[in-house]
Structure formats: structure tokens, C-alpha cells
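Breakdown of the fold
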Amino acid sequence: MFPDWAEQLRAREQQGLRRFRQVVESPQASHITINGHDYLAFSSNDYLGLANHPDLIKSVEEGARHYGVGAGASHLIHGHSAAHHILEESLAQFAGFPKALLFSTGYMANIGVVTALVGREDAIFADKLNHASLNDAALLSRAKFIRFPHLDLTALEQRLADSNARRKLVISDAVFSMEGDIAPVKQLTALCEKYHALLLLDDAHGFGVLGRQGRGSLFVADSDVVHSPSVVYMATLGKAAGVFGAFVAAQADVIETLIQSARSYIYTTATPPLLSHALLTSLKLIEQEEWRREALLQNIAQLKNDLLSSCWKLLPSSTPIQPLLIGESHEAVRVSQALHERGILVPAIRPPTVPQGKARLRISLSAAHQPNDILRLTQALNELAPHS
Ligand SMILES: *Cc1c(COP(=O)(O)O)cnc(C)c1O
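Conventions we followed
- Residues numbered from 1 in each chain as written.
- Predicted model: local features only at pLDDT ≥ 70, side-chain atom pairs only at ≥ 80, totals over all residues.
- Heavy atoms only, no water.
- Near = heavy atom within 4 Å.
- Polar contact = N/O pair within 3.5 Å; in protein donor to acceptor, adjacent residues only side chain to side chain.
- Helix = DSSP H or I, 4+ residues; strand = E, 2+ residues; numbered from the N terminus.
- Nonpolar A, V, L, I, M, F, W, Y, C, P; charged D, E, K, R; others polar.
- Buried < 20%, exposed > 50% of the residue type's maximum accessible area, 1.4 Å probe, protein only.
- Arc of directions from axis to C-beta.
- Contact = heavy atoms within 4.5 Å.
- Pairing = 2+ DSSP bridges.
- Axes fitted to C-alpha atoms, helices over the stretch in contact; angles between N-to-C directions.
- Salt bridge = Lys/Arg side-chain N within 4 Å of Asp/Glu carboxyl O.

**Points about the site of the ligand**
- Around the ligand sit 14 residues in total, of which Gly106, Tyr107, Asp202, His205 and Lys239 are the nearest.
- At a separation of 3.4 Å, a nitrogen atom of the ligand approaches a polar side-chain atom of His131.
- Within the contact set of the ligand, a nitrogen atom lies 2.5 Å away from a side-chain nitrogen or oxygen of Asp202.
- Here the shell around the ligand takes three residues from helix α5 (residues 106–117), the largest share from any one element.
- Its residues placed into classes, the shell around the ligand shows two nonpolar, nine polar and three charged.

Below, the structure written as C-alpha cells:
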């Protein structure tokens, strides 16, 4: 019998869990066009406002003239261009590691790293709120998959101490994608060193945003010292960097191992070299334009301040991910739709992306937002407050 997809889809709809795609007709920016209407958007990961930057567009044109469009082959079969190679060297230096390796996406990077580094006789220790790609990677690796409560390092240490696995890999988001909170990178690294474990740190939301010159979560305050050989650093290039792709930075042996055996690196076409060429420009803007991070911080402060006296409660977060906890999926959808009617886009995040009863609006801020944009959002939220 053919499975009854229709019934499953109806059930999903009744639970308020059906997702819809909207067709965006403009470039990604703080204001986007859908169905000919202009919307103020708090829904992208373009934290620095680079996705539509004229210098990046120019670099893409230049890259296309120089390298053509398609890479034409995988990295190991003559698809690895000078543009990819130069970018890898720049990323390694920027992130503070001996070597770096480009992947097509962050999803593929996580799959590749985890499956290349651990297998059946090994154990993975993962924060419960890690990104889906890390969980999928763990399952695919066939290693023992041990999850610990969110940010609970005492529980993690217990599990590490109890394990007699051949290799131990601790996996954590550096900035949690649905909470916006930050992992204690320094303490995590120290724990990993103590128990001879490797730490895979997913900095998809920290790279470009956090740390000195946007170098990411390893460069926050006094944690400059955490470039331990135990750390494998991963970041995406489609979020703050405004382009597409991802990279892994680590010790030379780790990177060489990935080149030899990360299947999501080997068995896929290299990304268009013009993207790597554009990313060199992006990296320069990230490094040099401190004002973007300052504007972002100001927007975060303004949002928090404007909502202080309202009945809405933001989760504790100092990053551009500012989740507004609502609870029930239907209610999250109601508020999101009411904002939509007012020309403001804030996605409702529902199970299974977050636990049952923890539906939320995920407000993503960008350096491209103006103070007036934030004001418009908080005023609309105040009008929609359930108890007013
Ligand atoms: C977005 C994201 C990824 C996936 O990166 P893509 O390049 O979009 O595939 C991985 N990890 C985290 C934490 C993310 O937020």
C-alpha cells in the first residue's frame, strides 16, 4: 500500500505545524518584496547586511569573468580552483588555525566532519539543543550518541568520565540557533582536553558577528587562548558572510583526514569558484567594517530596551538571535501572522525545530536594520500583546 501522505499532512496542518514557503522577489535585505508588497524582515541570518552588498556583487562579476560559472568537478578531480584555495588559506588565518577546508554548505560540513572523525567504536557527546545537521551527522556516523542537557557541563563531564569509547567527540553549537545563547567555549575546551576528547564547535551564528574583528566565538574576550589542538571549528559562509558555503578549520592532520575521507566533501561538485572569490571581499568587509557589529549591538540593545516594559519575554540572549518565547504553536502562528498583516516578517518557530510547548518568534537582527525598523517591530508587538 502506498503510504497515506495526505492524512499525515492534514494532521500536521491541524496541529498548526504546516510550513509554507513565500516567494521573495527582491534581494535579501532588511526590507524584502513578497507578492509585490514591501515587508520589514526580521527573518534572515544576514547579520551584517552583506548579502546584497555592491562590493560582493562586483566580486561575483569579476569572479565569473576570471573563473567562469560552474566548478565542473569535485575538489579531488580538478574542481579545486585557485579561488577555493586562496579562500581556504585566508579563512585558516582569519579563524586562527593552521588549515581550513571549504564545504558546499554547513549541513554538509557537519555531516562530513563527524562521519570522517568517528565511527562505531566511538562516542559522541552532544548538547540537546544542537542544530539538526549535527544530530543527523551523529546518527550517520554510527558512533554511540550521548546527549547532555543544554549547556550542562557537569552532566557532560559525568558522561565523559563514564565513557570507555575509543574516541570521544563533543559537539556543540557555539551560538544556539533557536535560543541565541552562547556555549561556554573555554570550559568546554578544558573539559575536552581533560578527557582526551575532540570538540567540534559549530559557529554558524558567531562567525562574522562575535569576537575581535568578527573572527568568531573563539575570539570572544579572554578566550583567545582556546585555539587548542582539541578544537575543530566549523562556520558557515551563508549567514553573516552573506554568500554561501561553509568551512572547517583545525590542525593540519584533521583537515588532511577530512580531505581523504569526508564523504560530503569528496562525492560532490565543488561550489562555483566565483563564490569563493566574492567571499574574499566579504572576509575583508567583516574584518574591517567594525561599524556593522556596532550597529548590530545597538539594534540588539534597542530591541531589549523597547520590550522591557511589555508583557513579551525575550529569552536571555546577547546575540542577533532574539527569541520571543510564546509557548503554543497556534499562538506563535497567530502573532507571526498578525505581524505579517502589519508588513513585518518574524518567523514562528514550532516543533519539531524546538521542543513541544516552546514555540517562539525568532527575531533575527541585522546591522542593516535602522532604529526606526526596531521601533516599528516593538510597537506592533505591543499592540498584539495577549493581555492588553
Ligand atoms: C545554518 C546552520 C547550519 C547549516 O549551515 P548551511 O550552510 O545553511 O547548510 C549548521 N549549523 C548551524 C548551527 C546553523 O545555524
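**Some thoughts on helix α9 (residues 252–261)**
- For α9, the set of buried residues is Val254, Ile255 and Leu258. Projected down its long axis, α9 carries its buried residues within an arc of 95°, all on one side. Opposite the packed face of α9, turned more than 90 degrees from it, sit the exposed residues Asp253 and Gln260.
- Against β3 (99–103), α5, β8 (231–236), β9 (246–250) and α10 (263–266) lie the buried residues of α9.

**Brief notes about the sheet that holds β3**
- Spatially, seven strands are ordered β3-β9-β8-β7-β6-β4-β5 in an open sheet, and the strand pairing comes out mixed. Both outer strands of the open sheet, β3 and β5 (144–148), are each paired with one neighbouring strand and no more. The sheet shows a mean angle of 20° between the axes of neighbouring strands, taken without regard to direction.
- Note: strand β6 (residues 168–173) against strand β7 (residues 197–202), six bridges, orientation parallel. Looking at β7, one finds that Lys168 is bridged to Ala197.
- Contacting β4 (123–127), β5, β6 and β7, helix α7 (residues 153–162) crosses the sheet at an angle of about 155° to β5.

**Looking at the pattern of salt bridges**
- Taken as a whole and assessed by the stated rule, the structure comprises nine salt bridges.
- Note that Arg18 and Glu13 form a salt bridge whose closest N and O atoms lie 3.0 Å from each other.
- Exposure remark for Arg18: the relative accessible area of 38% places this residue in the partly exposed category.
- Between Glu157 and Lys194 there is a salt bridge, and its shortest N-O distance comes to 2.7 Å. Here Lys194 lies in helix α8 (residues 185–194) and Glu157 lies in helix α7, a separation of 37 residues in the sequence.
- Judged by relative accessible area, which is 25%, Glu157 ranks as partly exposed.
- Residue Lys194 is classed as exposed on the basis of its relative accessible area, which comes to 53%.

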